[in-house]
Amino acid sequence: MNTTPGRPSVTLGPTRVRLCGDPKAAVAGAWYPYTVQIADELSRMSTAVAPVLGDITAIEVNWQSFRRYPGLDSADAPAVPPLMTLTTPTTTATLLVIPSRTGSALAALLLRLAAQSEITDGRVHSLDARRAQQILARAGQYLATA
């Protein structure tokens, strides 16, 4: 829900977040916000992950401004994809944050792969699937050296 003063509340749809079974995994899931105004969606995402992770006590991100962030399928996408680390009283989990400008086909595959879900249809060998695997591999490499 949009909670910015002076702007009407907007419900965009269900929260698009998926977690894998292991919050300690290098990339423990992914979140695909609807807009670049992620602060407007952060509360709903936090509520969605709380049953699995617990109440979030801290959030860290590895980008400076999300408003100008290109889609992950863009030619000018940065080498390190946007990551968000969520800290709870019992664990820390890092999520890939899929910029809203990313095409829905790639985003859907990233959500599934980050949650360690199988891709069972014909997309498993698609260009988007290979791109999603590369993005997650770059995220993992970044986290291993950070």
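The structure displayed is predicted, hence computed values, not measured ones. (Residues numbered from 1 in each chain as written. Predicted model: local features only at pLDDT ≥ 70, side-chain atom pairs only at ≥ 80, totals over all residues. Heavy atoms only, no water.)

Let us look at the packing of helix 2 (residues 104-114) against helix 3 (residues 127-145). Between helix 2 and helix 3, the least distance of the axes is 9 Å, while the angle of their chain directions is 50°. As far as their axial angle goes, helix 3 and helix 2 are oblique. Seen from above, helix 2 lies across helix 3 with right-handed handedness. Along the contact surface, helix 2 presents Ala105, Leu106, Leu109, Leu110, Leu113 and Ala114, while helix 3 presents Asp128, Ala129, Arg131, Ala132, Gln133, Ile135 and Leu136. Within the contact of helix 2 with helix 3, the residues separate by chemical class into 10 nonpolar, one polar and two charged. (Axes fitted to C-alpha atoms, helices over the stretch in contact; angles between N-to-C directions. Helix = DSSP H or I, 4+ residues; strand = E, 2+ residues; numbered from the N terminus. Parallel < 35°, antiparallel > 145°, perpendicular 65-115°, else oblique. Left-handed = near helix turned anticlockwise from the far one by under 90°. Contact = heavy atoms within 4.5 Å. Nonpolar A, V, L, I, M, F, W, Y, C, P; charged D, E, K, R; others polar.)

To continue, consider unusual backbone geometry. Within the chain, Gln116 stands out as a residue other than glycine whose phi angle is a positive 60°. Secondary-structure assignment places Gln116 in the loop between helix 2 and helix 3.

Right, let's get into the sheet that holds strand 2 (residues 29-31). To summarise the sheet geometry, strands pair through backbone hydrogen bonds and adopt either a parallel or an antiparallel arrangement. Read from one edge to the other, the open sheet built from five strands follows the order 1-2-5-4-3, with strand pairing classed as mixed. The open sheet is flanked by strand 1 (17-19) and strand 3 (58-61), the only strands paired with a single partner. Strand-to-strand twist in this sheet, taken as the mean axis angle between neighbours without regard to direction, amounts to 25°. Packing of helix 2 onto the sheet brings it into contact with strand 1, strand 2 and strand 5 (92-97), and relative to strand 2 it is tilted by some 150°. (Pairing = 2+ DSSP bridges.)

On to the side chain of Glu41, then. Positionally, Glu41 belongs in helix 1 (residues 38-53). Salt bridges are absent for the buried Glu41, whose nearest opposite-charge side chain, Arg16, sits at 5.9 Å. Residues in contact with Glu41, not counting those within four places in the same chain, are Leu12, Trp31, Pro33, Tyr34 and Thr35. (Buried < 20%, exposed > 50% of the residue type's maximum accessible area, 1.4 Å probe, protein only. Lys, Arg positive; Asp, Glu negative; His and termini not counted. Salt bridge = Lys/Arg side-chain N within 4 Å of Asp/Glu carboxyl O.)

Looking now at the packing of aromatic side chains. Here the distance between the centres and the angle between the planes together describe a pair of aromatic rings. Applying the stated criterion to the full structure yields two aromatic pairs. Between Phe66 and Tyr69 the ring centres are 5.5 Å apart and the planes differ by 20°, which places this aromatic pair in the stacked class. In this structure, Phe66 and Tyr69 share a single accessibility class: buried. Through pairs of rings, three or more aromatic residues link up here, namely Trp63, Phe66 and Tyr69. Against the face of Tyr32 rests Arg16, its NZ or CZ located 3.9 Å from the ring centre. In this arrangement the basic side chain of Arg16 is found over the ring face of Tyr34, its NZ or CZ atom lying 3.8 Å from the centre. (Phe/Tyr/Trp six-rings, centres within 6.5 Å; stacked < 30°, edge-to-face > 60°. Lys NZ or Arg CZ within 6 Å of the ring centre and 35° of its normal.)

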